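Results of the structural survey
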Amino acid sequence: MFTPLTDTIQVSPQISLDQVAAAKAQGVTMIINNRPDGEDPSAPQGDEIAAAAAAAGIDYVAIPITHAGFSAPQVDAMIAALGKAEGDGGKVLAYCRSGTRSTLLWSLARAKQGASPAELSDVASSAGYDLTPIRPMLDALSGRTE
């Protein structure tokens, strides 16, 4: 149900309240919501997922990404969230409408930390996501072109 990018991060389309418990059962210790509230009024909104996560003992972070694109503060917030989860020895589940924005934001965060854009592209591709639209940003953030 969740698509692993690495051993410590999975991405997903919009999750349901029931899937919060499933995430907990899979060792998820932090949920990152990359979907803006109101994007789909019929879907659980951030406060509902946050409450379910709190009830399950899972950290919750909202870093909404609209279709306008990505910003430096969003990338930095993702780095901070991933760092906290990794520092706690936990796993992350990031979600949006399809998992694409979560994958793109994860890759931008990792590139800013020096990860290889080519390797990030391979990881994303193996999970069914394409980083081509943000490849120039990955190169710029990582400080290298490959």
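Please refer to the structure higher up on the page.
Before going into details, it helps to say that this report is about the structure given with it.

Calculation criteria
- Residues numbered from 1 in each chain as written.
- Predicted model: local features only at pLDDT ≥ 70, side-chain atom pairs only at ≥ 80, totals over all residues.
- Heavy atoms only, no water.
- Helix = DSSP H or I, 4+ residues; strand = E, 2+ residues; numbered from the N terminus.
- Buried < 20%, exposed > 50% of the residue type's maximum accessible area, 1.4 Å probe, protein only.
- Polar contact = N/O pair within 3.5 Å; in protein donor to acceptor, adjacent residues only side chain to side chain.
- Core = buried A, V, L, I, M, F, W, Y, C linked by side-chain atoms within 4.5 Å.
- Contact = heavy atoms within 4.5 Å.
- Salt bridge = Lys/Arg side-chain N within 4 Å of Asp/Glu carboxyl O.
- Arc of directions from axis to C-beta.

**Re the side chain of Gln45**
Relative to the elements of secondary structure, Gln45 occurs in the loop between β3 (28-33) and α2 (46-56). Judged by its relative accessible area of 17%, Gln45 falls in the buried class. Side-chain polar atoms of Gln45 contact the backbone nitrogen of Gly38, separated by 2.6 Å. A distance of 2.7 Å separates the side chain of Gln45 from the backbone oxygen of Ala43, its partner in a polar contact.

**So, the nonpolar core**
Formed by 28 residues in total, the largest nonpolar core has its most connected members in Ile32, Met78 and Leu82. For this core, the secondary-structure elements that each account for two or more residues are β2 (9-12), β3, α3 (72-87), β5 (91-95), α4 (100-112) and α5 (117-126). Here Ile32 is in contact with Val61, Ile63, Met78, Ala81, Leu82, Val92, Leu93, Ala94 and Tyr95, once residues within four sequence places are set aside. Counting 12 residues, the second largest nonpolar core, distinct from the first, contains Val20, Ala53, Ile58 and Leu93.

**Notes on the pattern of salt bridges**
Within this structure, the stated rule accounts for seven salt bridges. We note a salt bridge from Glu39 to Arg35, for which the minimum N-O separation is 2.5 Å. Judged by its relative accessible area of 27%, Glu39 is partly exposed. The buried category is assigned to Arg35, whose relative accessible area is 9%. Put simply, Lys112 and Asp76 hold a salt bridge, and the shortest N to O gap is 2.5 Å. Separated by 36 residues along the polypeptide, Lys112 in helix α4 and Asp76 in helix α3 bring together distant segments of the chain. A relative accessible area of 36% means that Asp76 is categorised as partly exposed. Through salt bridges with shared partners, one network takes in Arg35, Glu39 and Arg101.

**Some words on the environment of His67**
Inspection of the secondary structure assignment puts His67 in the loop between β4 (59-62) and α3. For the pair His67 and Pro36, spaced 31 residues apart in sequence, the C-alpha to C-alpha distance is 9.8 Å. With residues near it in sequence (within four places) discarded, His67 still touches Glu39 and Arg101.

**Quick notes on the environment of Val20**
Tracing the sequence through the fold places Val20 in helix α1 (residues 17-25). Here Val20 is in contact with Ile15, Ile31, Ile49, Ala52, Ala53, Ala56 and Ile58, once residues within four sequence places are set aside.

**Topic: the environment of Ser116**
By the element assignment, Ser116 lies in the loop between α4 and α5. By relative accessible area, which is 7% here, Ser116 ends up buried. Spatially, the C-alpha atom of Ser116 lies 19 Å from that of Gln10, the residues being 106 residues apart in sequence.

**Quick notes on helix α6 (residues 135-142)**
Burial in α6 covers these residues: Leu138, Asp139 and Ser142. Down the axis of α6, the smallest arc covering the buried residues is 95°, so these residues share one side. Along α6, exposed side chains directed more than 90 degrees from the buried face belong to Pro136 and Ala140. On its buried side, α6 packs onto α4 and α5.

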